[in-house]
Amino acid sequence: MHGLIFASFRDYLVTEHGAGVANDITAGEPQYTLSQAYPDEQFLALLERACARIALPREELLFEFGAFTAATTFARLYSVLFKHSQTARDFLLTVETPIHEVIRETLPDARPPEIAVTEVGEGDLQIVYTSPRRICAMLRGLVEGTGRVYDEALEVEELECMHHGAPACRFEVRFPYTRAGSARAERV
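What you see is a predicted model; the values in this text were computed from it and never measured.

## Here's the deal with the overall build of the protein
Scanning the protein for helices and strands turns up nine helices and four strands. Evaluated residue by residue, the protein yields a buried proportion of 47% over its 188 residues. Surface accessibility of the protein: about 9300 Å² in total, with carbon and sulfur atoms responsible for 53%.

Here it is, written out as structure tokens:
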């Protein structure tokens, strides 16, 4: 898993749960670097420690972490990509190529998930996610966090899930509302 995920997880823990909790959970962990990939098992073990320490179910913690990562870490790190898209929908349609393809080329051991985003219905999107990590709740959080960057309320429904025997997780994303007075320009 990409070192960026580990670094963002620590930021999430400090910001949302406090430095003491973050230090308890990450005690003994190495200093993760953004230019390196780490074994998936390291992140999953860290995640389990966090769930036990914070007393949140795994799926809820993954969702919260995903939303934080999109709205905070990714919005800061990939600000140029966010600025090129006018809406969360536009951003989600283009996210796989510039981010995951670069990761696949520069860090072959990182193994980012496979994500296919297609247009369906009246402006809705379908996202198909496959990964041996099976952390689809994090993807749902990433999608909703992307909406926060653009100050848009999104509805994300998981229609199929690998945890329930499906070969991939399939989400439908609806864009029913855009909040008035978007602060997107100032936040991105």
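So, next bit.
## With respect to the packing of aromatic side chains
Going through the model one piece at a time under the given rule, you end up with 14 aromatic pairs. Geometrically, the ring pair formed by Tyr-12 and Phe-68 is edge-to-face, given 5.7 Å between the ring centres and 65° between the ring planes. With Tyr-12 in helix 1 (residues 3-17) and Phe-68 in helix 4 (residues 58-77), the pair connects residues that are 56 residues apart, well separated along the chain. According to the relative accessible area criterion, Tyr-12 is buried, its value standing at 1%. Seen from their ring centres, Phe-43 and Phe-65 are 6.1 Å apart, and the 35° between their planes marks the pair as tilted. Here the residue Phe-43 occupies a position in helix 3 (residues 40-54), and Phe-65 occupies one in helix 4, the gap between them amounting to 22 residues. Take Phe-43: its relative accessible area is 0%, and that puts it in the buried class. Taken together through their ring pairs, the aromatic side chains of Phe-6, Phe-9, Tyr-12, Tyr-32, Tyr-38, Phe-43, Phe-65 and Phe-68 make up a single cluster.

## Overview of the confidence of the model for the protein
On average, residues of the protein carry a pLDDT of 86, and 86% of them reach 70 or more. Note that pLDDT drops below 50 for residues 178-188; the model gives that stretch 24 contacts with residues more than four away or on any other chain.

## A look at the packing of helix 1 against helix 3
It is at 11 Å that the axes of helix 1 and helix 3 come closest, and there the two elements cross at 10°. Here helix 3 runs roughly parallel to helix 1, going by the angle between their axes. Note on element contacts: helix 3 touches helix 1 through Gln-42, Phe-43, Leu-46, Leu-47, Ala-50 and Ile-54, opposite Ile-5, Phe-6, Phe-9, Leu-13 and His-17. Split into classes, the residues belonging to the contact of helix 1 with helix 3 amount to nine nonpolar, two polar and no charged.

## Some points on the pattern of salt bridges
The tally for this structure, following the rule as stated, stands at ten salt bridges. The salt bridge partner of Arg-58 is Glu-59, with a shortest N-O separation of 3.5 Å. A single network of salt bridges, built from pairs that share partners, joins Glu-155, Glu-157, Glu-172 and Arg-174.

## Thoughts on the environment of Ile-135
Summarising the element assignment, Ile-135 is placed in the loop between strand 2 (124-130) and helix 8 (136-149). Sequence-distant contacts of Ile-135, defined by excluding residues within four places in its chain, comprise Met-1, Phe-43, Leu-44, Arg-58, Leu-62 and Tyr-129.

## A closer look at the layout of surface pockets
A volume near 180 Å³ is recorded for the largest pocket. Lining the largest pocket are Phe-6, Ala-7, Phe-9, Arg-10, Thr-26, Glu-29, Pro-30, Gln-31, Tyr-32 and Leu-46. By residue number, the principal contributor to the lining of the largest pocket is helix 1, which donates four residues. The residue makeup of the lining of the largest pocket, split by class, is six nonpolar, two polar and two charged.

Cut-offs applied
Residues numbered from 1 in each chain as written. Predicted model: local features only at pLDDT ≥ 70, side-chain atom pairs only at ≥ 80, totals over all residues. Heavy atoms only, no water. Helix = DSSP H or I, 4+ residues; strand = E, 2+ residues; numbered from the N terminus. Buried < 20%, exposed > 50% of the residue type's maximum accessible area, 1.4 Å probe, protein only. Areas by Shrake-Rupley, 256 points an atom, 1.4 Å probe, with all protein chains shown as cover. Phe/Tyr/Trp six-rings, centres within 6.5 Å; stacked < 30°, edge-to-face > 60°. pLDDT = per-residue confidence, 0-100. Contact = heavy atoms within 4.5 Å. Axes fitted to C-alpha atoms, helices over the stretch in contact; angles between N-to-C directions. Parallel < 35°, antiparallel > 145°, perpendicular 65-115°, else oblique. Nonpolar A, V, L, I, M, F, W, Y, C, P; charged D, E, K, R; others polar. Salt bridge = Lys/Arg side-chain N within 4 Å of Asp/Glu carboxyl O. 1 Å grid on protein atoms, 1.4 Å probe; cavity = no way out; pocket = protein on both sides within 12 Å on 5 of 7 lines; lining within 4 Å. Points joined across faces, edges and corners; volume = space filled by probe spheres on them.

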